[in-house]
Structures are given as C-alpha cells and as structure tokens.
Amino acid sequence: MRKPFIAGNWKMHMTAETGAALIKELAPLVKDANCDVAFCVPAILIPAMTEAAKGTNIAIGAENVHWEKEGAYTGEISCDMLLEYGVKYAIVGHSERRQYFGETDLGVNKRAKAALAAGITPIVCVGETLAERLAGSTEAVIREQMEVGLAEIEDITKVVIAYEPVWAIGTGVVATNEQAEETIAFIRSEIGRIFCPKCAENVIIQYGGSMNAANCRGLMAQPDIDGGLIGGASLTKDFAEIVNYDKPRTNG
Ligand code: PGA
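Figured I'd write up the structure that's included with this text. (Residues numbered from 1 in each chain as written. Predicted model: local features only at pLDDT ≥ 70, side-chain atom pairs only at ≥ 80, totals over all residues. Heavy atoms only, no water.)

**As for the overall build of the chain**
Piece 1. The helix and strand tally for the chain stands at 11 helices and eight strands.
Piece 2. Over its C-alpha trace the chain gives a radius of gyration of 17 Å, about what one expects of a compact globule, namely 18 Å for 252 residues.
Piece 3. Counting every position in the chain, which comprises 252 residues, the buried fraction comes to 52%.
Piece 4. In the chain, the share of contacts with a sequence separation of at least 24, taken over all contacts with a separation of at least 6, comes to 73%.
Piece 5. Just so you have it, the chain exposes about 11,300 Å², and 55% of that area is on carbon and sulfur atoms. (Helix = DSSP H or I, 4+ residues; strand = E, 2+ residues; numbered from the N terminus. Rg over C-alpha atoms; globule rule 2.2 N^0.38 Å. Buried < 20%, exposed > 50% of the residue type's maximum accessible area, 1.4 Å probe, protein only. Contact = heavy atoms within 4.5 Å. Areas by Shrake-Rupley, 256 points an atom, 1.4 Å probe, with all protein chains shown as cover.)

What follows is the structure, given as structure tokens:
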C-alpha cells in the first residue's frame, strides 16, 4: 500500500540544456515505472524542467523551500514561486544544507510545515555522520532530528522522509542493506511513537547515499525501504535502472 518513490537530487549540477536532454532521454525509459518518479532540481532550472517533463510521469521538485510567503530573504524561494510551475516536492534539511549553510532542525520544521500548508510534499532528510555512527549515537541523533524537525505536523503521511547517512552521501560507500533497513525500521517505529501506529505503516521512507543501478535492488527489497533519494546516479541514464528496480536489467 506504500507506493515506492524514487527521486533524483541534482544538487548544483546540470543546465537547462543538459537537464532537458536527460529528461527527454529518460522519459521513455521510465514511463512504465511502478513507482512515483521525480527530479529535484536547482531552482533556476525548474521552469525549463517542468516544460521538458510535460506529458511524462516525471514530477519536478525543488531542492529547498522557504517558510515565509514572501519577504526580505535574499537567495530563498517561496512555496508560491514553486507552485507557479506545478512543483510537487521540495527537499528539506538535506545534510549539505545543514553542513554548509547552517540549517537547523527548527528551520527544517518551518520549511516542512510551510510546504505542507501549500500542498507541496516535503522530502525531509535525516541521517547521522560517521563520527555519530561510530559513537553509537545514530538513533539518538535521528530521534532529535525527527522530534524537532517534524514537530506539530498534522498529517505525517503527507511527508516523505529520506534517511541519508552523511557518510554514504557522494562517497561511493553505500550503507549495507541491513544497516539501511535497521535505521529505516527505527525511523518508522519513531513515527509510530511520535504520531500513530497507522501513520508509521503509511509514511514513505526513502534511503539515500550512493544508491545506484548496482545496489538499488538489494536496498529496495528491504521491507521498510520505500524508495531512494539519488544524487550522482540521477545525473545519467542509470537513473532509469533504479526506477525500474523491479524489472529485469536492460544493460547487464
Ligand atoms: P548520492 O547523493 O546519491 O550522490 O550519494 C544522495 C543525496 O545526497 O541525496
């Protein structure tokens, strides 16, 4: 009953030209997907990518969104600006935003609530650093990120959660199937504790961090993993292999 969801996160990659070319190339390859498919793209590419994805099953998302309707927030993007282009998703609290741009759990919470109020699905990222994992504090770190970042959210099933261990992002070191499943099962049980058991059953939780065409099948076979947030592998045709994780491979 949870529909899998595979989303690309282009980060600060692509141009209007290369992005549109990739979407045109991928559209026929992902058209029979049994999961929801999206690309979260740099804000300036949103108009061209929504145009390129028109008539396909590829939705376009943003990489962040601000909580205020408008105002003196240089460099930020509002929900209304995203809605003008039919944007359906916004990543919130990506570890790179936390690490390089000082984003906090409180800000994550404000962004997520604003997105929900506007009808945009926030993809809220949580995850531990290597030092935190080695110190045995993975669960404590994620519990704190969830308790603050998801506070006062009325319908948690409208949120997508992405578990992204920081040590796996962009490193080529993917979490093992067991590590990813164990932590995502913990996240689901926390949803049950903080919200309700039924919410826990229904909320979509993605894995992210060096997920690719070679390792996606093992990850997607785990009972609690409902999808992926894909960085590097969303910049090439490989993304179609991930979206089609439930079908025979086409390129060996
Ligand atoms: P990666 O990035 O797939 O390149 O590791 C994932 C992410 O940061 O969302």
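**Observations regarding the nonpolar core**
Piece 1. In terms of nonpolar packing, the biggest core is built from 67 residues, with I6, I23, F39, L150, I161, I191 and Y207 touching the most fellow members.
Piece 2. If one sorts the elements of this core by residue count, helix α1 (residues 16-30) sits on top with six residues.
Piece 3. Once you skip the residues sitting within four places of it in the chain, I191 turns out to touch M146, L150, I156, I161, C196, C199, A200 and V203.
Piece 4. Counting 13 residues, the second largest nonpolar core, distinct from the first, contains A7, C40, I123 and V160. (Core = buried A, V, L, I, M, F, W, Y, C linked by side-chain atoms within 4.5 Å.)

**Thoughts on the layout of surface pockets**
Piece 1. Counted as a void, the largest pocket has a volume near 520 Å³.
Piece 2. Lining the largest pocket are 20 residues, and of these K11, E63, N64, R97 and F101 lie nearest its centre.
Piece 3. No other element matches helix α4 (residues 95-101), which puts three residues into the lining of the largest pocket. (1 Å grid on protein atoms, 1.4 Å probe; cavity = no way out; pocket = protein on both sides within 12 Å on 5 of 7 lines; lining within 4 Å. Points joined across faces, edges and corners; volume = space filled by probe spheres on them.)

**Some details on the sheet that holds strand β7 (residues 204-208)**
Piece 1. Spatially, the eight strands close up into a barrel ordered β1-β2-β3-β4-β5-β6-β7-β8, and their pairing is parallel. Shown here is a sheet whose adjacent strand axes are inclined to one another by a mean of 25 degrees, direction ignored.
Piece 2. Examined bridge by bridge, strand β5 (residues 121-126) and strand β6 (residues 160-163) share four bridges and lie parallel to one another. Each residue of the ladder has a partner; that of I123, found in β6, is V160.
Piece 3. Set on the sheet, α1 makes contact with β2 (36-41) and β3 (58-62); between it and β3 the angle comes to about 130 degrees. (Pairing = 2+ DSSP bridges. Axes fitted to C-alpha atoms, helices over the stretch in contact; angles between N-to-C directions.)

**Considering the site of the ligand**
Piece 1. The ligand sits among 13 residues. The nearest are K11, H94, E164, G170 and S210.
Piece 2. Here N9 contributes a side-chain N or O atom positioned 3.4 Å from an oxygen atom of the ligand.
Piece 3. One of the side-chain N or O atoms of E164 is found 2.7 Å from an oxygen atom in the ligand.
Piece 4. The fraction of the free accessible surface of the ligand (280 Å²) that becomes covered by protein chains is 95%.
Piece 5. Of the residues contributing to the shell around the ligand, the split by class is four nonpolar, seven polar and two charged. (Near = heavy atom within 4 Å. Polar contact = N/O pair within 3.5 Å; in protein donor to acceptor, adjacent residues only side chain to side chain. Nonpolar A, V, L, I, M, F, W, Y, C, P; charged D, E, K, R; others polar.)

**What to know about the state of the cysteines**
Piece 1. Tallied over the entire structure, the rule returns one disulfide.
Piece 2. Disulfide pairing is shown between C196 and C199; the S-S distance is 2.2 Å. Handedness of the C196-C199 disulfide follows from its S-S torsion of about 95 degrees: it is right-handed.
Piece 3. Note on C196: relative accessible area 25%, which makes it partly exposed.
Piece 4. Take C35: it sits in no disulfide, and the sulfur closest to it among the cysteines is that of C216, at 10 Å.
Piece 5. Accessibility expressed as a relative area gives 4% for C35, which makes it buried. (Disulfide = S-S within 2.5 Å.)

**Observations concerning the environment of V173**
Piece 1. Note on placement: V173 falls in the loop between β6 and α8 (177-194).
Piece 2. With residues up to four places along the chain from it excluded, the contact list for V173 reads W167, A168 and S210.

**Quick look at the packing of aromatic side chains**
Piece 1. Inspection of every chain in the model, using the stated rule, returns five aromatic pairs.
Piece 2. Seen from their ring centres, F39 and F239 are 4.7 Å apart, and the 35 degrees between their planes marks the pair as tilted. Taken as a pair, F39 in strand β2 and F239 in helix α11 (residues 238-243) lie far apart in primary sequence, 200 residues in all.
Piece 3. Classification of F39 by relative accessible area gives buried; the value is 0%.
Piece 4. For the ring pair Y100 and F101, a centre distance of 6.4 Å and an interplane angle of 85 degrees mean the geometry is edge-to-face. F101 carries the same exposure label as Y100, and that label is exposed. (Phe/Tyr/Trp six-rings, centres within 6.5 Å; stacked < 30°, edge-to-face > 60°.)

Coordinates in, geometry out; function isn't part of it.
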